[in-house]
Every structure is written in C-alpha cells, then in structure tokens.
Amino acid sequence: MPARSWAHPSGRSRWRAGVVALAVLAACAVVLPAGPALAAPSDQPGGTSGVLESRDLDRLQQRAAEVQDELRARQAEVVAARDALAAAQQEVDEAQALLDEAQGVLAGHQREVADYAAAVYRDGGALTPLTLLLNGGDPGEVLSGLGFLDVVDAHAARVIGVAEGHRRGALDEQARAQAALDQARARADEVGARVAELEAAAEAVTAELGDALAVVDGQLAQLQREQLSVNEQTAASWRAYVEQLRAAGLAEVPASALRDPERGLPGSLVPVGAGGGGAQRGVAQLPGRPTSLLVLPAETLAAVGSAMEALGQPYAPGTTGPDSWDCGALVQAVYGRSGVPLPATQGELFARTVPVAPADVLPGDLVFLGSPEAGLGHVGLALDQRTMLAADARAGAVVVRTLPGDQVLGVGRPVLGQRPPVAVPEPSGGALRTECGNTVYPPSYDGGRAWGGYPNGLIPPSAMCPLGVGGHTLRCDAAAAYRAMAAAYAADFGRPLCITDSYRTYAGQVKLYGEKPALAAIPGTSNHGWGLAVDLCGGIQSFGTPQYAWMVANAGRFGFLHPTWADPGNGREEPWHWEYAGS
C-alpha cells in the first residue's frame with residue numbers, strides 16, 4: 001500500500017513517531033511529512049489582543065500619558081478648589097443665618113421698647129421722674145418708682161446694645177465669609193483656566209493619536225485577515241488528511257481498537273512510539289515508505305472536524321454554542337458529538353482527562369495552559385506540537401493559534417477515558433484567575449484592566465465588535481457575551497436590554513472631562529475606556545427593581561458583574577454600571 005501522510009495544519013513543524021515492533025516494542029524514528037506550506041499562526045491570534053509594534057503610536061501614547069499625568073495633578077487642585085468654594089459658600093450661608101437671627105433679636109427688642117412707649121403715650125404721657133414726684137404720695141413710693149424707672153431704662157439700653165453688638169458681629173462675619181468666597185471663586189477660576197489649557201492639549205493629542213490609531217488599525221485588520229487565512233488553510237489541510245485516511249480505509253477505526261497497542265492493533269497497523277519508551281495508547285500508524293500515515297481514532301477525527309467547523313465563531317464565557325463558545329464548552333461539545341462524554345469547564349477537564357506526556361502530544365489531545373502563579377488558565381485541542389485550536393478569550397473567537405510550549409501544564413487524551421479527579425492548579429501569591437486565556441477580575445477589583453498593549457480609550461476599531469444596538473461596541477469577547485445576555489434578558493422580559501453607554505474613546509473622555517472636570521474620570525482612566533463596561537437602563541438603573549434583580553442573578557453566567565465599589569453603601573452607588581469580568 002502506498003505511503004500516505006497527514007497534512008500538517010501549520011506548516012511549521014513535523015510529526016515524529018516511533019514504529020514499535022509488537023514483539024520487542026523497539027522504537028525507531030519515523031518522520032511524517034509536513035503538509036502544504038501555510039501562513040504561520042500568530043502568537044496573538046486574531047490580533048484583538050496582540051501588542052502591535054508602532055513607533056508613532058508609542059510616541060503619541062507617551063504624549064497622551066504626559067497630558068494625563070498633568071491632568072491627574074490638576075485634578076487634586078480642581079477637587080480642592082471645588083471643596084474650598086463649597087466651604088466658603090457654606091460659611092457665607094451660615095453668616096447670613098447668624099445675621100438674620102441677630103437682626104431678628106434686635107428687631108424684637110426694639111418692638112418691645114416701642115410697645116412700651118406706645119403704652120405710655122396711650123395712658124397720658126411719658127413716665128418721668130417729675131411725673132412720679134408730682135403724682136406720688138409716700139416719699140418711699142416715689143423713691144421706689146424712680147429706682148424702677150432707672151432699672152427699666154438701663155435694661156432696655158443693655159438689651160438693645162447687646163442685640164446691636166450681635167448684629168454688628170454678624171455683619172462682620174458675613175463680610176469675612178464673603179471675602180473668603182470671593183477668594184475661593186477666584187482660585188476656582190484660576191484652576192479652571194489651567195485645566196482648560198490642559199484640555200486643549202489633550203484634544204490636540206487626541207487628534208494626532210487618531211491618525212496613528214488608524215495606521216495601527218490597518219495593521220490589526222491585516223493580521224486578522226491572515227488569521228482567517230490560517231483558519232481556512234488549517235481546515236483544508238485537515239480535510240485532506242481525513243481523505244487520506246478514508247482512501248486507506250482507516251477513517252473509521254474506533255478508539256477501543258487502539259487503546260492497548262501491546263495486545264494488538266487492527267490489520268497492518270503498528271504502534272506509535274512514546275517519548276519515554278513503549279507505545280502510545282489511542283493511536284497507531286500505517287507503515288509506508290518514505291513515510292508512514294498517522295492513524296487517529298474515528299472519535300478524535302470527528303471531534304477535530306467539528307472544531308474546525310467552529311473556527312471564526314465568537315468566544316463568550318458561559319456559552320455552549322452554536323453561535324458562541326467558551327473554551328471548555330467547545331471541547332465538551334465536539335467530543336460529545338463523537339460519543340466521548342467530557343465535562344464542560346477547563347478545571348474539570350484537567351481533573352478528569354487521562355494525561356499523556358507533553359512530548360507525545362497528538363492531534364485532538366487536550367492541551368492545558370497556565371503558569372505556576374496563575375494556575376490553570378486555558379484548554380484547547382492540539383493540532384500538532386506547536387499549534388492548537390481553541391475558543392480563545394484573548395482573540396475573542398475560535399481560532400488556530402500558537403501552542404506556547406512554556407505554558408503547557410499538561411496534555412490529556414480524551415479517547416482513553418477518564419481518571420479519578422485530581423487537584424487543579426490554582427492561582428497563588430494573590431494572582432488573578434485566568435479563564436480561556438484571559439484574566440478574570442473579581443467584583444472587588446478596582447484597578448486598570450489593560451489588554452493588548454492598547455491605551456485606555458485608544459483601542460483600534462478592528463479589536464472591537466458591535467453589540468447590535470446603536471453604535472455601541474465592546475471588546476469582541478465581551479460583545480459576544482453581551483449579545484448572549486441580552487437575548488436571555490429579552491426572553492424573560494419581552495423587551496430588549498436597555499443600554500446607554502459602552503466603550504468610551506479617549507476623545508469622548510476628554511469631552512466629558514471638559515464638561516464635568518470635578519466629576520468625570522481623568523481622560524485615559526475611565527472604566528469604559530477598556531471596552532469592558534456598560535451602563536444599562538430600562539429599570540436596571542435603580543436598585544431593588546425586578547430588572548436589577550435579574551442582572552444580579554444572571555449576569556455572572558455571561559461574564560458580567562456589578563463591581564463592589566458601585567454597590568449600595570459604598571459611596572459611589574451606580575446600579576446601572578456593569579463590567580465584563582472575563583468569565
């Protein structure tokens with residue numbers, strides 16, 4: 001029978017397998033030829049999160065950062081001037097209240113004196129020492145009357161004098177407070193003028209950044225076109241390989257016939273050598289010259305073929321197809337269709353899949369990626385030793401991507417069945433968890449969410465995807481997750497999910513800062529500038545509504561959360577603000 005080859009999907013490496021004689025299991029190297037030359041997959045698949053080299057962008061980013069630093073420094077002055085102005089206004093208001101009170105007291109005493117004078121006039125004239133002397137009887141009564149009169153006059157004078165003193169003091173306090181208010185207003189005007197100058201500088205930088213961003217966006221779009229080409233050529237090469245197996249009558253070999261090569265293999269098939277000696281389970285090869293044909297189980301062929309059909313579909317956490325996928329659900333679905341039941345999460349897959357040595361990785365094996373600090377962070381299907389297919393959060397889609405050898409935590413072969421569950425590598429040292437290749441942020445996290453090397457608010461349009469509502473966009477995985485969440489919301493409430501804000505460009509942040517410099521985020525620091533936050537409406541903007549309760553109960557399934565800082569009682573209550581957490 002003529003030798004047949006498996007077409008390698010990446011064109012970057014070659015399969016090597018050992019032919020193991022059944023009698024002695026002595027391995028000898030056999031080289032499986034590479035397939036057609038293909039475009040090499042990018043280390044940053046699809047380019048949606050790739051760090052693109054652009055000197056112009058680097059330089060302008062630096063300028064934007066300088067303006068941002070100045071705005072941040074001025075922000076403290078803006079807040080201080082605003083607080084001083086508010087305090088001065090409060091002092092003026094308090095001084096006016098004191099003056100009003102003092103004037104009221106003085107007016108009251110003056111009314112009492114006036115009433116006394118009116119009563120004397122009404123009763124026939126003023127009460128004087130002479131009238132007391134002429135009308136008095138007993139000299140003692142006259143003396144007592146004179147003393148009483150002195151007391152009344154002295155008391156009236158003292159009461160009115162004290163009231164007048166309070167009034168004058170209140171007037172002085174009002175004048176002092178007004179002077180402080182005038183000074184605070186002048187300071188606020190001065191700070192406002194400086195901020196206006198910086199806003200103008202920020203606007204100038206924004207225009208230049210827009211030009212540079214257009215260049216970078218073109219580079220990114222080209223990278224995405226190359227990614228599509230890689231996907232298409234990989235799928236074509238896989239179909240060609242399956243056709244070779246079919247022509248040899250080896251496209252329907254069940255996994256059960258390949259699980260124990262030491263006990264025998266069908267027909268003229270021979271084992272594939274393992275890197276550590278012996279034979280690999282779940283695979284065989286058809287000897288040929290100059291090369292042999294790799295024979296994978298029918299279940300593996302079906303699973304990889306199904307995965308190829310999903311290429312280009314969006315990544316979205318918590319989704320299980322057919323329109324979008326997360327990494328674990330894609331693996332579960334494609335193997336489930338081939339009759340191999342698997343769990344649906346990257347952690348459960350790691351815990352239950354039978355491992356093989358990383359050096360023995362074959363097409364269809366599960367590759368588990370991560371790091372000692374972040375723990376397990378991704379799972380996909382190996383296509384060869386340097387290439388994998390995965391629903392990739394960083395790419396925002398199902399893509400063919402480079403398999404980073406230094407990040408491999410393990411390799412598993414689903415057709416070998418399942419093992420008793422083992423511990424899953426977890427984050428350590430305070431590292432954030434990673435899901436399907438992307439960082440997962442907890443609700444309490446309030447730091448920057450930079451990705452792809454792009455500055456806040458300066459993300460190329462080609463790295464963003466529409467939400468299907470107005471002009472709203474988010475990072476592509478967040479957009480796919482939002483659309484799935486919106487569909488679930490509409491199914492429950494009978495109306496669309498209402499949205500008022502999503503990705504906010506740097507220019508938009510500059511404009512908003514100019515309108516509300518004391519309240520808006522400094523340009524380049526807004527949560528909306530990462531393309532990972534939305535502001536919602538339609539009832540969600542109020543705590544305690546059925547719509548808000550639905551979000552609390554369901555948003556997490558789609559990777560969205562309500563950050564802790566926006567919860568009731570934390571000083572910045574924003575029921576409408578929701579952020580994409582990555583899982």
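These numbers were taken from a predicted model, which means no experiment stands behind them. (Residues numbered from 1 in each chain as written. Predicted model: local features only at pLDDT ≥ 70, side-chain atom pairs only at ≥ 80, totals over all residues. Heavy atoms only, no water.)

In this section: the overall build of the protein chain. When helices and strands are counted, the protein chain shows nine helices and 18 strands. Considering the protein chain as a whole, with its 583 residues, one finds that 48% of them fall into the buried category. (Helix = DSSP H or I, 4+ residues; strand = E, 2+ residues; numbered from the N terminus. Buried < 20%, exposed > 50% of the residue type's maximum accessible area, 1.4 Å probe, protein only.)

Here L286 lies in strand β3 (residues 284-286). Taking the C-alpha atoms as reference, L286 lies 9.2 Å from A248; in sequence the two are 38 residues apart.

Let's shift gears to the packing of aromatic side chains. If you walk through the whole model with that rule in mind, you get nine aromatic pairs. Both rings, one in Y489 and one in F493, keep their centres 4.5 Å apart while their planes meet at 25°; by these two values the pair is stacked. Placement of both Y489 and F493 in helix α7 (residues 476-493) is noted, with a separation of four residues, approximately one turn of the helix. Looking at Y489, the relative accessible area reads 1%, which means it is buried. The class of F493 is partly exposed, set by a relative accessible area of 24%. Ring geometry for Y489 and W550: centres 5.2 Å apart, planes at 90°, overall edge-to-face. Within this pair, whereas Y489 is found in helix α7, its partner W550 is found in helix α9 (residues 546-554), the two being separated by 61 residues in sequence. By way of ring pairs, the aromatic residues Y482, F560 and Y580 are connected into one cluster. When the ring centre of F350 is taken as origin, the NZ or CZ atom of R419, which lies over that ring, is 6.0 Å away. (Phe/Tyr/Trp six-rings, centres within 6.5 Å; stacked < 30°, edge-to-face > 60°. Lys NZ or Arg CZ within 6 Å of the ring centre and 35° of its normal.)

Spatially, four strands are ordered β15-β16-β18-β17 in an open sheet, and the strand pairing comes out antiparallel. Of all strands in the sheet, those bounded by a partner on one side alone are β15 (499-501) and β17 (560-561). (Pairing = 2+ DSSP bridges.)

Two elements in contact, helix α4 (residues 298-309) and helix α5 (residues 327-337), have axes separated by 8 Å at closest approach and are oriented at 130°. Looking at the two axes, α4 sits oblique to α5. When the axes of α4 and α5 are compared, the crossing they make is right-handed. Facing α4, whose interface residues are E299, T300, A303, S306 and A307, α5 presents V334, Y335 and R337. For the contact of α4 with α5, a count of residues per class yields four nonpolar, two polar and two charged. (Axes fitted to C-alpha atoms, helices over the stretch in contact; angles between N-to-C directions. Parallel < 35°, antiparallel > 145°, perpendicular 65-115°, else oblique. Left-handed = near helix turned anticlockwise from the far one by under 90°. Contact = heavy atoms within 4.5 Å. Nonpolar A, V, L, I, M, F, W, Y, C, P; charged D, E, K, R; others polar.)

Okay, α7 next. Between its terminal C-alpha atoms α7 stretches 25 Å, which fits the 26 Å expected from 18 residues at 1.5 Å a residue. Considered for burial, the residues of α7 that qualify are C476, D477, A478, A479, A480, A481, Y482, M485, A486, A488 and Y489. (Expected span 1.5 Å × (residues − 1).)

On to the pattern of salt bridges, then. Scanning the model with the defined rule gives seven salt bridges in all. The salt bridge partner of D392 is R401, with a shortest N-O separation of 2.9 Å. For D392, a relative accessible area of 0% translates into the label buried. For D477, the salt bridge goes to R475, with nearest N and O atoms at 2.8 Å. Classification of D477 by relative accessible area gives buried; the value is 1%. Residue R475 is classed as buried on the basis of its relative accessible area, which comes to 6%. (Salt bridge = Lys/Arg side-chain N within 4 Å of Asp/Glu carboxyl O.)

Moving on, we come to the state of the cysteines. Per the stated rule, a full pass over the model turns up three disulfides. Note that C465 is cross-linked by a disulfide to C476, the S-S spacing being 2.1 Å. One disulfide, between C465 and C476, carries an S-S torsion of 75° and so falls in the right-handed class. Taken together, the residues span a long stretch of sequence, with C465 in strand β13 (residues 464-466) and C476 in helix α7 at a distance of eleven residues. The burial state of C465 is the same as that of C476; both residues are buried. (Disulfide = S-S within 2.5 Å.)

For the rest of this paragraph, the subject is the nonpolar core. Ranked by internal contacts, the top residues of the largest apolar core, which has 91 residues, are Y241, Y335, Y482, M485, L536 and F560. The element contributing the most residues to this core is α7, with ten residues. Look past the residues within four positions of L536 in its chain and what remains in contact with it is Y482, L497, C498, I499, T500, Q541, M551, W576 and W578. (Core = buried A, V, L, I, M, F, W, Y, C linked by side-chain atoms within 4.5 Å.)

Counting buried positions along strand β9 (residues 397-402) yields six of six residues, so the element is predominantly enclosed. Two strands pair when backbone bridges link them, and strand β8 (residues 387-392) and β9 are joined in this way by six bridges, in the antiparallel orientation. Opposite D392, over in β9, you have A397 as the bridge partner. Between the end of β8 and the start of β9, which pair antiparallel, lie four residues, with G396 showing a positive phi angle near 75°.

Let us look at the side chain of T353. One can find T353 in the loop between α6 (346-352) and β5 (355-356). Of the polar contacts made by the side chain of T353, one reaches the backbone oxygen of L349; its length is 2.6 Å. Setting aside its immediate chain neighbours within four residues, T353 contacts L366, F368, G412, R413, P414 and R419. (Polar contact = N/O pair within 3.5 Å; in protein donor to acceptor, adjacent residues only side chain to side chain.)

A sheet is described by the order of its strands in space; here six strands give the open sequence β5-β10-β6-β7-β8-β9, paired in antiparallel fashion. Both outer strands of the open sheet, β5 and β9, are each paired with one neighbouring strand and no more. The pairing of β5 with strand β10 (residues 408-412) spans two bridges and is antiparallel. Note that in β10 the partner of P355 across the bridge is G412. Across the sheet, α5 lies against β6 (366-371), β7 (375-382), β8 and β9, angled at about 35° from β7, the strand it touches most.

Mean pLDDT for the protein chain: 78, with 74% of residues reaching 70 or above. In the predicted structure, residues 1-39 sits below a pLDDT of 50 and forms 114 contacts with residues beyond four places in sequence or in another chain. Across residues 42-51, confidence stays below pLDDT 50; counting only partners more than four residues off in sequence or on other chains, it has 37 contacts. (pLDDT = per-residue confidence, 0-100.)

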